[in-house]
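Results of the structural survey
One letter stands for each residue in the lines below.
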Amino acid sequence: QVQLVESGGDLVQAGGSLTLYCEASGSISGITTMGWHRQAPGKQRESVAFISSGRATIYADSVKGRFTISRDDAKNTVYLQMNSLKPEDTAVYYCNARRRRLGGSIDYWGQGTQVTVSS
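Just so it is clear, the model here is predicted, and its values are computed rather than measured.

**Re the overall build of the protein chain**
- Along the protein chain, the regular secondary structure elements total 0 helices and 11 strands.
- Secondary structure elements of the protein chain occur, N-terminal to C-terminal, as β-β-β-β-β-β-β-β-β-β-β.
- For the protein chain, the C-alpha radius of gyration of 14 Å lies close to 14 Å, the compact-globule estimate for 119 residues.
- With the C-alpha coordinates aligned to their principal axes, the bounding extent of the protein chain is approximately 45 × 25 × 25 Å.
- Relative to its 119 residues, the protein chain shows a buried fraction of 39%.

Below is the structure:
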């Protein structure tokens, strides 16, 4: 089992910056890709950014150039640096980790952290 705990969500003004943190614990040795996803009220969860074990990254078009995902394996932590925040970024942000296991992979999710961007 893998446990993911997000933190760093806050209320910020448009144009501001925020850093989200996700610390993994438990059976973390098989974790490959980690990512951030978000869900706004009344909408489905959407992918924001991914980072592989090799540090390759993928971003949603809506956040390219503004958000940066990174990971520190020594700290078992993945980060999401968010700059130039927009009201449209308001959502609950969830951390995700994919772990390899016999026969396939399993996805784990954190509890989420609220990001609110005011106008």
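**Here's the deal with the state of the cysteines**
- Tallied over the entire structure, the rule returns 1 disulfide.
- Covalent S-S linkage joins Cys-22 and Cys-95, the inter-sulfur distance amounting to 2.0 Å. Here the disulfide of Cys-22 and Cys-95 is left-handed, its torsion about the S-S bond being about -80°. In this pair, Cys-22 is assigned in strand E3 (residues 18-26) and Cys-95 in strand E9 (residues 91-101), connecting sequence segments 73 residues apart. Considered together, Cys-22 and Cys-95 belong to a single accessibility category, that of buried residues.

**Focus on the sheet that holds strand E7 (residues 67-72)**
- Across the sheet, 4 strands lie side by side as E1-E3-E8-E7; this open sheet has antiparallel pairing. The open sheet has two edge strands with one neighbour each: strand E1 (2-7) and E7. Each adjacent strand pair in this sheet contributes to an overall mean axis angle of 15°, direction not counted.

**A closer look at the environment of Asn-96**
- Looking at where Asn-96 falls in the secondary structure, it is placed in strand E9.
- Residues Asn-96 and Ser-119 lie 23 residues apart in sequence; the distance between their C-alpha atoms is 29 Å.
- If we ignore the near neighbours within four places in the chain, the residues touching Asn-96 are Leu-4, Thr-33, Met-34, Gly-35, His-37, Phe-50, Asp-107, Tyr-108 and Trp-109.
- Of note is the side chain of Asn-96, whose polar atom sits 3.2 Å from the backbone oxygen of Tyr-108.

**Description of the nonpolar core**
- Among the nonpolar cores identified, the biggest contains 27 residues, and Leu-4, Met-34, Trp-36, Leu-80, Met-82 and Tyr-93 are the most heavily contacted of them.
- Contributing elements (two or more residues each) for this core: E1, E3, strand E4 (31-39), strand E5 (46-51), E7, strand E8 (77-82), E9 and strand E11 (113-118).
- In contact with Met-34, not counting residues within four places along its chain, are Leu-4, Cys-22, Ala-49, Phe-50, Ile-51, Ile-69, Arg-71, Val-78, Cys-95, Asn-96 and Ala-97.

**Describing unusual backbone geometry**
- Phi is positive for Asn-76, which is not a glycine, with a value near 55°.
- Topologically, Asn-76 is positioned in the loop between E7 and E8.
- Taking the relative accessible area as the measure of exposure, Asn-76 reaches 30% and is therefore partly exposed.
- Backbone geometry places Ser-84, a non-glycine residue, at a positive phi of 50°.
- Within the secondary structure, Ser-84 sits in the loop between E8 and E9.

Calculation criteria
- Residues numbered from 1 in each chain as written.
- Predicted model: local features only at pLDDT ≥ 70, side-chain atom pairs only at ≥ 80, totals over all residues.
- Heavy atoms only, no water.
- Helix = DSSP H or I, 4+ residues; strand = E, 2+ residues; numbered from the N terminus.
- Rg over C-alpha atoms; globule rule 2.2 N^0.38 Å.
- Buried < 20%, exposed > 50% of the residue type's maximum accessible area, 1.4 Å probe, protein only.
- Disulfide = S-S within 2.5 Å.
- Pairing = 2+ DSSP bridges.
- Axes fitted to C-alpha atoms, helices over the stretch in contact; angles between N-to-C directions.
- Contact = heavy atoms within 4.5 Å.
- Polar contact = N/O pair within 3.5 Å; in protein donor to acceptor, adjacent residues only side chain to side chain.
- Core = buried A, V, L, I, M, F, W, Y, C linked by side-chain atoms within 4.5 Å.

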